[in-house]
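Topology and contacts: notes
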Amino acid sequence: MNLLQILQNIDRRIIYVLMFLSVIVPLVKPLGLPIQTTAPAENFYDYIETLKPGDKVALSFDYDPASRPEVHPMALALAYHCFRKKLKIIAPSLWPVGPSLAAEIFHDMKKEFPHLKYGVDFVNLGYISGPTQGVSQVESLCTDLKDARPVDVHGTPYDELPILKGVKGLKDIRLVISLSAGDPGIPGWVQIANARYGVKIGGGATAVQAPQFYPYIQSGQLIGFLGGLRGAAEYETLVGRKGTGMAGMDAQSFAHILIILLIVMANVLFFLEKQQAKWKG
Amino acid sequence: MKREIPLMMTFIIGVVLIIQFFVPHRPFGVLKSTFANWTNIIAVFAILLGILSLLKVHGEKISRRAEGWYYSVVLIFAFAITAFFGLSFGLGEKVAGGEMRNPFFFIYKYGFVPLQGTMFSLLAFFVASAAYRAFRARTFEATLLLMAAFLVMLGRVPISQKIWGKLPYIAEWIMKVPNMAGQRAILIGAALGMISASLRILLGLEREHLGRD
């Protein structure tokens, strides 16, 4: 075997080790690279800045622990921004594990805002079950919240929650934010809540999903959007709160560079092999 | 009648739900809520079926001592423990901050969450290995795709500003213009396809879901 063949058939464990090092070293020794914010994140921030204290916002937890590393940091940054503005958060979930993730967010926010009171400043509505794509769930949340969730996740009746006074459906509130990792998620909120009832929708999703939501951003159906860990880092920069989004960007930088270098190296070897075959032939 | 009754039910319920979208008042709104509740109830039975099937498959694997049967033991043990705590304690008492505290939530937070995150994180290693082995610029289109991928991958991370200040803007342009156009085309195409397939099912032209005679 010549050098070309050895490099082309490199043991994948070497690649795994390189990937591991490219992620762990920046996490242990961060570089603190500055994050440049983009328009979708800035528009999101600017819209929330226009809301007044006491306004109600829905933060829908439409993701699971598999997407937690990417989406949870944006949930924390958004919740922090909302509570800093003294907004009230209603938290439905279109995914079964959403309520547990919502509970974690509120638990963390209580440490930063000790005055927050459950039932007054935020409520965890729990999982709203339904068929795929979230159409019927979103429809029922928009029109009749009490029918969709007569009790919150702890079994407290709708009428005993002060935050829900005067809220017949989510179409009556200022903004719905969907933190989404698939279906049901942002598409359901945009196609039903925004298209049918004119509800303002903001979105956060994994980086893999992000490209598919750019049509909604361009058409204005999403007032703002955060894509992947980069989106979380941008929002943390905008609200001035250091979190795991910013901490992960150094690691992501080096991981991306590693993948690019591997692809370039593989293609250089590929072309060298072709040239070699031409010369021999 | 074995096929005609389900076809008729599909047509009637489908038409009611379509009308309900445009006329949300009685009786269509009430019918829609009823059908939605029925769907949830049927979904619960489907979950039960899935659980019984899972236990049956792994139980058989253990009894036959098939390859990897010990993993099945771990699975059934974990299922039993989680189900026991879930059914015994439910979601637990409300604590200031709204977080549930009980053994079930402990299993979720310190078992399920890290494990599911780990499984997803493994993708990073597989992507790196697959990229090295498979991503080749064999054609002009493949080269174009790779160049776009490089620009977006670099532009989306903060180190790109140190390499070239314009990289983030180029990446954002790729996402906002060519990507957006392609995604919109896919969205519209998929929506038209879904309408066509749904109409075929409602009108009984598509009968694969009823099984063979």
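See the structure shown above.
Below, the structure is looked at part by part. All residue numbers here refer to positions counted from 1 along the written sequence of the relevant chain. Each chain takes a letter, starting from A, and each ligand takes a number, starting from 1, following the order in which they are written. A pLDDT threshold of at least 70 governs which residues receive local features in this predicted model, and a stricter bar of 80 or more applies before side-chain atom pairs are shown or counted, although totals over entire chains, interfaces and linings include all residues. Side-chain measures were taken over the full set of non-hydrogen atoms in the model, leaving aside hydrogen atoms and water.

Another point: the overall build of chain B. Every helix listed is a DSSP run of H or I at least four residues long, and every strand listed is a run of E at least two residues long, numbered separately from the N terminus. For chain B, the count of helices and strands is seven helices and two strands. When the helices and strands of chain B are read in sequence order from the N terminus, they spell out α-α-α-β-β-α-α-α-α. Within these notes, the globule rule equals 2.2 Å times the number of residues to the 0.38 power, and the radius of gyration is based on C-alpha atoms. Taken against the 2.2 N^0.38 rule, which gives 17 Å for 213 residues, the C-alpha radius of gyration of chain B at 26 Å runs more than 25% over that of a compact globule. Structurally, chain B occupies a C-alpha span of about 65 × 50 × 50 Å along its principal axes.

This part covers the overall build of chain A. The helix and strand tally for chain A stands at eleven helices and six strands. Considered along the principal axes of its C-alpha atoms, chain A spans approximately 80 × 40 × 30 Å. Buried positions account for 59% of the 281 residues belonging to chain A. Residue pairs at least 24 apart in sequence account for 75% of intrachain contacts in chain A once pairs closer than 6 positions are excluded. Type-normalised accessible area, obtained with a 1.4 Å probe on protein chains alone, sets the label of each residue: buried when under 20%, exposed when over 50%, and partly exposed for intermediate values. Residue contacts are defined here by distance: any two heavy atoms, one from each residue, within 4.5 Å place the two residues in contact.

Residues and elements named next belong to chain A. Across the five residues that make up strand E5 (residues 201-205), a large majority, five, are buried. Side chains Ile-201, Gly-203 and Ala-205 of E5 all project onto a buried face; the interleaved residues Gly-202 and Gly-204 project onto the opposite face, where all are buried too. In this scheme, strands are said to pair when DSSP sees at least two bridges between them. With five bridges joining them, strand E4 (residues 175-180) and E5 adopt parallel strand pairing. Paired with Ser-180 across the bridge in E5 is Ala-205. Look down the strands so they point away from you; if going from the first strand over the helix to the second traces a clockwise path, that crossover is right-handed. The parallel pair E4 and E5, bridged by helix H8 (residues 186-197), forms a crossover whose chirality is right-handed. Pairing geometry for E5 and strand E6 (residues 222-227), over five bridges, is parallel. Within E6, the position partnered with Gly-204 by the bridge is Leu-226.

Below, the discussion takes up the pattern of salt bridges. Basic side-chain nitrogens of Lys or Arg form a salt bridge, by our definition, when they fall within 4 Å of a carboxyl oxygen of Asp or Glu. As enumerated under the stated definition, the model contains twelve salt bridges over all chains in all. A salt bridge links B:Arg200 to B:Glu206, with the nearest nitrogen and oxygen atoms 3.3 Å apart.

Once that is clear, we can look at the side chain of A:Glu104. Mapped onto the elements of the fold, A:Glu104 is located in helix H5 (residues 98-112). Take A:Glu104: its relative accessible area is 4%, and that puts it in the buried class. If we skip the residues at most four places from it in the chain, A:Glu104 touches A:Arg68, A:His72, B:Tyr108 and B:Lys109.

Next up on the list: the interface of chain A and chain B. The partner chain B presents 58 residues to the 69 residues of chain A that form the contact. For the pair chain A and chain B, the two sides together bury roughly 5800 Å², of which 65% comes from carbon and sulfur. At the surface where chain A touches chain B, the tally comes to zero salt bridges. The term polar contact refers here to a pair of N or O atoms within 3.5 Å; inside protein, the definition further demands a hydrogen-donor-capable atom paired with an acceptor-capable atom, and it admits residues adjacent in sequence only when both atoms are side-chain atoms. Along the contact surface separating chain A from chain B lie 13 residue pairs in polar contact (both at pLDDT 80 or more). For the side of chain A that touches chain B, the secondary structure elements donating two or more residues are helix H1 (3-8), helix H2 (12-28), helix H3 (39-50), H5, helix H6 (135-143), H8, helix H9 (214-219) and helix H11 (244-280) of chain A. Looking at which element gives the most residues to the side of chain A that touches chain B, the answer is H11(A), with 17 residues. When residues are sorted by character, Ala, Val, Leu, Ile, Met, Phe, Trp, Tyr, Cys and Pro go into the nonpolar class, Asp, Glu, Lys and Arg into the charged class, and all the rest, Gly among them, into the polar class. Partitioning the side of chain A that touches chain B into residue classes produces 40 nonpolar, 20 polar and nine charged. The term buried area means the drop in 1.4 Å probe accessible area that two parts suffer when joined, counted for both and summed.

Another point: a nonpolar patch on the surface. Residues and elements named next belong to chain B. Taken together, the side chains of Met-8, Phe-11, Ile-12, Leu-187, Ile-188, Leu-192, Ile-195, Leu-199, Leu-203 and Leu-205 present a nonpolar region at the surface, about 970 Å² in accessible area. Elements with a contribution of two residues or more to the nonpolar patch: helix H1 (4-22) and helix H7 (167-202). Mapped onto the elements of the fold, Leu-205 is located in the segment after H7. A residue is classified by how much of its surface remains accessible, and Leu-205, at 55% relative accessible area, is exposed. Patches here: salt-bridge-free residues with over 30% relative accessible area, like charges joined within 9 Å, nonpolar side chains (Val, Leu, Ile, Met, Phe, Trp, Tyr) joined within 5 Å. Residue burial considers only the protein chains on display, and all accessible areas are found by Shrake-Rupley using a 1.4 Å probe.

This brings us to the packing of aromatic side chains. Only centres within 6.5 Å qualify two rings of Phe, Tyr or Trp (six-membered ring in Trp) as a pair; their planes then separate them into stacked at under 30 degrees, edge-to-face at over 60, and tilted for everything else. Applying the stated rule across the entire model yields 21 aromatic pairs over all chains. An angle of 75° between the planes, with centres 5.4 Å apart, marks the rings of A:Tyr118 and A:Phe122 as edge-to-face. The pair A:Tyr118 / A:Phe122 is uniform in exposure class, with both members buried. Through a chain of ring-to-ring contacts, three or more aromatic side chains come together here, namely A:Tyr80, A:Phe83, A:Phe106, A:Phe113, A:Tyr118 and A:Phe122. Sitting above the plane of the B:Phe21 ring, A:Arg196 keeps its charged end 4.1 Å from the centroid. Placement of a charge over a ring requires the Lys NZ or Arg CZ to be within 6 Å of the ring centre, with the centre-to-atom vector within 35 degrees of the ring normal. In this structure, B:Arg65 is placed above the aromatic ring of B:Trp69, and the distance from its NZ or CZ to the ring centre is 4.4 Å.

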